[in-house]
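Each chain, written out:
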Amino acid sequence: MTRNDAIASAKGLIGSGEFLKELDRRVGYKTESQNAERAGALRAYLVEEMTPAFAAVDFTSKIVESPTGKSPFLIAEHHENASAPTVLIYGHGDVVDGMVGDWRDGLDPWRTTRKGERVYGRGTADNKGQHSINLAALRVVREVRGGKLGFNAKFLIEMGEEIGSPELKPVCASLRDQL
């Protein structure tokens with residue numbers, strides 16, 4: 001398969017509605033890191049949503065507890081070949097306050113809503129949309145390359161970026177060799 005085949009496959013994924021369906025499911029997790037009552041949603045996003053999504057593209061995942069236990073991290077890894085380059089990708093799954101009731105036209109921040117060429121919902125651009133785009137791209141690349149990526153990849157997803165990433169440095173230091 002060619003580059004053009006990969007682009008056509010990606011366009012098909014978008015056109016089928018599958019991409020927005022996945023993004024909507026991710027936006028539905030109320031991962032407000034500044035709200036202590038959302039601790040369960042922070043963990044659920046990583047365990048219930050992201051771990052299976054990574055498994056679907058042949059990644060192994062593990063949850064890493066932060067030093068205070070307030071915001072878990074996810075490390076997902078795909079190892080193809082020891083001589084291949086490794087790409088490290090960072091993202092976060094937490095979002096700012098959903099501001100329910102304050103969205104224009106009564107939009108629900110925990111659902112995606114398409115208006116023209118735009119998609120609204122808490123986290124669609126920062127940062128759940130990024131996860132969805134990255135995972136869709138990995139699927140397409142594997143498809144056109146016969147199940148291979150052609151590189152090793154690691155993802156680090158934190159759940160405390162919107163509160164200043166207070167535990168990112170110590171977690172990364174503790175995982176230095178792995179990362």
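Residue positions within a chain follow its written sequence, with the count starting from 1. The model is predicted, so local features are restricted to residues of pLDDT at least 70 and side-chain atom pairs to those at 80 or more, both for listing and for counting; the totals for chains, interfaces and linings are taken over all residues. Only heavy atoms go into the side-chain values, all of them from the structure, while hydrogens and water stay out.

### Quick word on the overall build of the chain
Line of reasoning, step 1. Across its full length, the chain holds five helices and six strands.
Line of reasoning, step 2. A radius of gyration in this sense is built from C-alpha atoms; the matching globule rule multiplies 2.2 Å by the number of residues raised to 0.38. Here the C-alpha radius of gyration of the chain, 17 Å, is about what a compact globule of 179 residues would show, namely 16 Å.
Line of reasoning, step 3. The principal-axis extents of the C-alpha atoms in the chain amount to approximately 45 × 45 × 20 Å.
Line of reasoning, step 4. The burial tally for the chain puts 42% of its 179 residues in the buried class.
Line of reasoning, step 5. Taking contacts inside the chain between residues at least 6 apart in sequence as the whole, the part at least 24 apart equals 69%.
Line of reasoning, step 6. Using the Shrake-Rupley algorithm and a 1.4 Å probe, accessible areas are obtained, with residue cover drawn only from the displayed protein chains. With the model as given, the accessible surface of the chain reaches about 9400 Å², and the carbon-plus-sulfur share is 52%.
Line of reasoning, step 7. For this count, His and the chain ends are skipped, Lys and Arg are scored as positive, and Asp and Glu as negative. One atom stands in for each charge, and that atom is NZ of Lys, CZ of Arg, CG of Asp or CD of Glu. For the chain, the distance from the average position of its 24 positive side-chain charges to the average position of its 25 negative side-chain charges is 3 Å. Helix numbering and strand numbering both begin at the N terminus, where a helix is a DSSP run of H or I of at least 4 residues and a strand a DSSP run of E of at least 2. Between buried and exposed lies partly exposed: a residue is buried under 20% and exposed over 50% of the maximum accessible area for its type, with that area taken using a 1.4 Å probe on protein chains only. In this description, contact between two residues means that some pair of their heavy atoms is separated by no more than 4.5 Å.

### Description of the packing of aromatic side chains
Given two aromatic rings, one states the distance between the centres and the angle between the planes to describe the pair.
Line of reasoning, step 1. Only rings of Phe, Tyr and Trp enter the pairing, Trp through its six-membered ring, and a pair is recorded when the two centres are within 6.5 Å. The plane angle decides the type: under 30 degrees is stacked, over 60 is edge-to-face, the rest tilted. Per the counting criterion, the structure on display carries four aromatic pairs.
Line of reasoning, step 2. A centroid spacing of 5.5 Å and a plane angle of 50° characterise the contact between phenylalanine 54 and phenylalanine 59, whose relative ring orientation is tilted.
Line of reasoning, step 3. Residue classification places phenylalanine 54 among the buried residues on the basis of a relative accessible area of 1%.
Line of reasoning, step 4. When its relative accessible area of 5% is taken as the criterion, phenylalanine 59 is described as buried.
Line of reasoning, step 5. With centroids separated by 4.7 Å and ring planes inclined at 55°, the aromatic side chains of phenylalanine 54 and phenylalanine 155 adopt a geometry described as tilted. Taken together, the positions of phenylalanine 54 in helix α3 (residues 39-55) and phenylalanine 155 in strand β6 (residues 152-158) put the pair 101 residues apart, joining distant regions of the chain.
Line of reasoning, step 6. By relative accessible area, phenylalanine 155 is classed as buried at 3%.
Line of reasoning, step 7. These aromatic residues form a ring-pair network of at least three members: Phe54, Phe59 and Phe155.
Line of reasoning, step 8. We call a charge positioned above a ring when the Lys NZ or Arg CZ atom is no farther than 6 Å from the ring centre and deviates by at most 35 degrees from the ring normal. The positively charged end of lysine 128 is found above the aromatic ring belonging to tyrosine 45, 4.9 Å away from the centroid.

### Notes on the side chain of glutamate 49
Line of reasoning, step 1. Of note, glutamate 49 is situated in helix α3.
Line of reasoning, step 2. Here arginine 26 takes part through its side chain, which lies 3.0 Å from a polar atom of the side chain of glutamate 49. In protein, a polar contact requires one atom able to donate a hydrogen and another able to accept it; more generally it is a pair of N or O atoms within 3.5 Å, and residues adjacent in sequence count only if both atoms are side-chain atoms.

### Describing the sheet that holds strand β2 (residues 73-78)
Within a sheet, each strand pairs with its neighbour through backbone hydrogen bonds, oriented either parallel or antiparallel.
Line of reasoning, step 1. The four strands lie next to each other as β1-β2-β6-β3, forming an open sheet whose pairing is mixed. Two strands close off the open sheet at either side, each with one partner strand: β1 (60-64) and β3 (86-92). Between one strand axis and the next, the sheet turns by 15° as a mean value, whatever way the strands run.
Line of reasoning, step 2. Here the rule is simple: two strands pair whenever DSSP picks up at least two bridges between them. Bridge analysis of β2 against β6 gives six bridges, and the strand direction is antiparallel. Looking at β6, one finds that phenylalanine 73 is bridged to glutamate 158.
Line of reasoning, step 3. Only the stretch in contact is used when fitting a helix axis, every axis being a line fitted to C-alpha atoms; angles between N-to-C directions are given from 0 to 180 degrees. Along the sheet face, helix α4 (residues 128-144) touches β3 and β6 and points at about 150° away from the line of β3.

### Brief notes about the environment of aspartate 108
Line of reasoning, step 1. Checked against the element boundaries, aspartate 108 lands in the loop between β3 and β4 (113-115).
Line of reasoning, step 2. Using a relative accessible area of 36% as the deciding quantity, one classes aspartate 108 as partly exposed.
Line of reasoning, step 3. When the C-alpha positions of aspartate 108 and tyrosine 120 are compared, they lie 8.7 Å apart, and in sequence the two are twelve residues distant.
Line of reasoning, step 4. Within the structure, aspartate 108 has its side chain in polar contact with the backbone nitrogen of tryptophan 110 (distance 2.8 Å).

### Concerning the packing of helix α1 (residues 3-15) against α4
Line of reasoning, step 1. The geometry of α1 relative to α4 is characterised by a closest axis approach of 9 Å and an angle of 135° between their N-to-C directions. In terms of orientation, α1 and α4 fall into the oblique class. For the element pair α1 and α4, the recorded crossing hand is right-handed. Residue-level inspection shows Asp5, Ala6, Ser9, Ala10 and Leu13 of α1 in contact with α4, the latter providing Ala136, Arg139, Val140, Glu143 and Val144. The labels follow the angle: roughly parallel below 35 degrees, roughly antiparallel above 145, roughly perpendicular from 65 to 115, and oblique for the rest. For any helix crossing, the convention is left-handed if the near helix is rotated counterclockwise from the far helix by under a right angle, and right-handed if that rotation is clockwise.

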